Amino acid sequence: MNTIHWQDATGQERSALWRAESGAPAPRRVQLADDTLAADTAYRLACEGTGLLWAGDFHNARQLLQALARRADARSRKSPSRGRKAAAKPAGDAVAAAAAMPGQAFHLHRQAQAQRARTLAQVLVPVDADYGIPLRRAPDLRAALIEAWGPPSGEPAVVSLREVLGLVGAHEWRKKGVPIAALGEDARIHPHYGVYSPVRGEYIDLVAATPLPAGAQALAFDIGTGTGVLAAVLARRGVARVVATDQDPRALACAADNLHRLGLHRKVELQTADLFPAGRAPLVVCNPPWVPARANAPIERAVYDEDSRMLRGFLAGLAEHLAPGGEGWLILSDLAEHLGLRPRAQLLEWIAAGGLRVLQRHDVRPRHGKAADPSDPLHAARSAEVTSLWRLAAAA
């Protein structure tokens, strides 16, 4: 965290802690804003990078944010890129991307998303030292902020309203939970803030349905456990001991919470590790991020794996962590292939280089809404996507 500076209504210099989950720096220019600020003016200032520190009604701030989002989305639907100048415009290239080469379409889409996020992040709200929000009609959001940030630091702060609303949304997801049919009737996984929610149920079904290899009833490793959903599925299938690893403290806390809720905490051992725990197992499962690109925020690291670091690390180290006759299960979408970001030949080369061979592959089509949405900029790739469970073994 660093410091944000502004002038109050009397012209006096003020400052507070700046909080940003994405790691974005505080806006260099900040001006006070209230209910009298017109949406068009606010949009222009936000596009220029001016932070709008709200001093009016909280609900009006939410309405302003929605108005800025509509303007940004309308801009993104306009005609194609006009060269370098268009890159500075919020989401200006998203439509053109649909007709571009897949890799170019993806990168333009990501640029548009990032620019849209930067623009909407310019609506700022103050947060008191006890996590209260000192604005008219502001709701009590302390529970959501404590879940994400931990106990109050004792210092006031300024944060993007969009991030605050994201924290509230994560708080509601955590309370409600995500139903997981593979874990039994009414079973749910409760994702914590910053931990990817298991909403893509098809990959969970693959792990639940694939026959366990010999010896896996005794021990399995779950690499990069996240919410703990795959460790829970393995434990439900009768695996006596699952060692689940992750290097993110939020993920480990989330997994521990879910395993306790499900009554599986005695069967799953959580460890802090980058990839593998010590030793060998008859079954080693990994569901790495599927898209080899740089994450724009920590929460995106469950989706984007720059330079395929986790995937390559898993394949390079798997053989030495497999018990004799054991299997490694790699759960991976081929979306990156359809986007032109990682060819199938590259994946097969990494498998062979790791001293591994493919025993079998189980495939399933995605069921999420974007796969059937022709207006999505990446529809061509999403509609062709297949999620696979690769059964791997040490080469003979």
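Residues numbered from 1 in each chain as written. Predicted model: local features only at pLDDT ≥ 70, side-chain atom pairs only at ≥ 80, totals over all residues. Heavy atoms only, no water.

1. Thoughts on the nonpolar core
The cut-off we apply is this: By nonpolar core is meant a set of buried Ala, Val, Leu, Ile, Met, Phe, Trp, Tyr and Cys residues that side-chain atoms within 4.5 Å join together. Under the scheme applied here, a residue whose accessible area is under 20% of the maximum for its type counts as buried, over 50% as exposed, and between as partly exposed, the area being computed with a 1.4 Å probe on protein chains only. A run of H or I in DSSP counts as a helix once it spans at least four residues, and a run of E counts as a strand once it spans at least two, with each numbered from the N terminus.
In terms of nonpolar packing, the biggest core is built from 64 residues, with Ile223, Leu234, Val284, Phe314, Leu315 and Leu330 touching the most fellow members. Of all the elements, helix 8 (residues 229–236) adds the most residues to this core, at seven residues.

2. Some details on a nonpolar patch on the surface
Filter applied, for reference: Each patch is built from residues that are more than 30% exposed by relative accessible area and take part in no salt bridge. Like charges join if they lie within 9 Å; nonpolar side chains (Val, Leu, Ile, Met, Phe, Trp, Tyr) join within 5 Å. Throughout, the Shrake-Rupley method with a 1.4 Å probe supplies accessible areas, and for residues the shown protein chains are the sole cover considered. Only one rule defines a salt bridge in this text: a Lys or Arg side-chain nitrogen within 4 Å of an Asp or Glu carboxyl oxygen.
A cluster of nonpolar residues, Trp173, Tyr196 and Val199, forms a patch on the protein surface that exposes about 310 Å² of accessible area. With respect to the secondary-structure elements, Trp173 resides in helix 6 (residues 161–176).

3. Observations regarding the environment of Trp290
We apply this condition: We call two residues in contact whenever any of their non-hydrogen atoms come within 4.5 Å of each other. N or O atoms within 3.5 Å of each other form a polar contact, as long as, within protein, one can give a hydrogen and the other can take it, and as long as residues adjacent in sequence are counted only when both atoms are side-chain atoms.
Mapped onto the fold, Trp290 is located in the loop between strand 12 (281–286) and helix 10 (309–317). Judged by its relative accessible area of 13%, Trp290 falls in the buried class. Remark: the alpha-carbon pair of Trp290 and Ala302, spanning 12 residues in sequence, is separated by 8.3 Å. Excluding residues that lie within four positions of it along the chain, Trp290 makes contacts with Arg200, Tyr203, Val303, Ile331, Leu332, Ser333, Ala336, Arg342, Glu385 and Thr387. Here the side chain of Trp290 touches Asn287 through a polar contact of 3.0 Å, side chain to side chain.

4. Description of the pairing of strand 1 (residues 2–7)
It is a general feature of regular strands that their side chains alternate between the two faces of the sheet. As a reminder, the rule being used: Here, a strand pair is defined by DSSP locating no fewer than two bridges between the strands.
Both strand 1 and strand 2 (residues 13–19) contribute to a ladder of six bridges, which runs antiparallel. Residue pairing for strand 2: His5 is matched across the bridge by Ser15. If you look at the hairpin formed by strand 1 and strand 2, you'll find five residues sitting between the two strands, and Gly11 has a positive phi there, around 90 degrees.

5. Concerning the pairing of strand 6 (residues 157–160)
Where burial is concerned, the two faces of strand 6 agree: the one with Ala157 and Val159 and the one with Val158 and Ser160 are both buried. Of the pairings in the sheet, the one linking strand 5 (residues 123–127) to strand 6 comprises four bridges and is antiparallel in character. Residue pairing across strands places Pro126 opposite Val158, the latter belonging to strand 6.

6. What about the domain arrangement of the protein?
Operational definition: Where each domain begins and ends is defined by an automated method or by a domain database. The term buried area means the drop in 1.4 Å probe accessible area that two parts suffer when joined, counted for both and summed.
As assigned here, the protein comprises domain 1 (3–81 + 90–172) and domain 2 (178–394). Relative to domain 2, the C-alpha centre of domain 1 lies at a distance of 33 Å. Taken together, the contact between domain 1 and domain 2 spans 17 residues of the former and 19 residues of the latter. Carbon and sulfur atoms make up 59% of the surface buried where domain 1 meets domain 2, a total of about 1400 Å² over both sides. On inspection of domain 1 and its partner domain 2, the count reaches four residue pairs in polar contact (both at pLDDT 80 or more). Secondary structure elements with two or more residues in the side of domain 1 that touches domain 2: helix 4 (102–120) and helix 6. For the side of domain 1 that touches domain 2, the leading source of residues is helix 4, giving nine residues.

7. Section: the packing of aromatic side chains
The line we're drawing: The aromatic pairing rule takes the rings of Phe, Tyr and Trp, using the six-membered ring of Trp, and pairs them if the centres are within 6.5 Å, calling planes under 30 degrees apart stacked, those over 60 edge-to-face and the rest tilted.
With the rule as written, the count across this model stands at four aromatic pairs. On the basis of an interplanar angle of 45 degrees and a centroid distance of 6.3 Å, the ring pair of Phe106 and Tyr304 is categorised as tilted. Of this pair, Phe106 sits in helix 4 while Tyr304 is found in the loop between strand 12 and helix 10, placing the two residues 198 residues apart along the sequence. When the centroid spacing of 5.8 Å and the interplanar angle of 15 degrees are considered together, the rings of Phe276 and Phe314 count as stacked. Residue Phe276 is located in the loop between strand 11 (268–272) and strand 12, and its partner Phe314 is located in helix 10; the two are separated by 38 residues in the primary sequence. Residue classification places Phe276 among the buried residues on the basis of a relative accessible area of 14%.

8. Focus on helix 5 (residues 142–149)
Quick note on the threshold: Working note: the arc is built from the helix axis to C-beta atom directions.
Looking at helix 5, one finds that the buried residues are Ala144, Leu145, Ala148 and Trp149. One side of helix 5 holds all its buried residues, which, seen down the axis, span an arc of 105 degrees. Here the buried face of helix 5 lies against strand 2, strand 5, strand 6, helix 6 and helix 9 (249–261). Once helix 5 ends, the next one or two residues include Gly150, with phi positive near 85 degrees.

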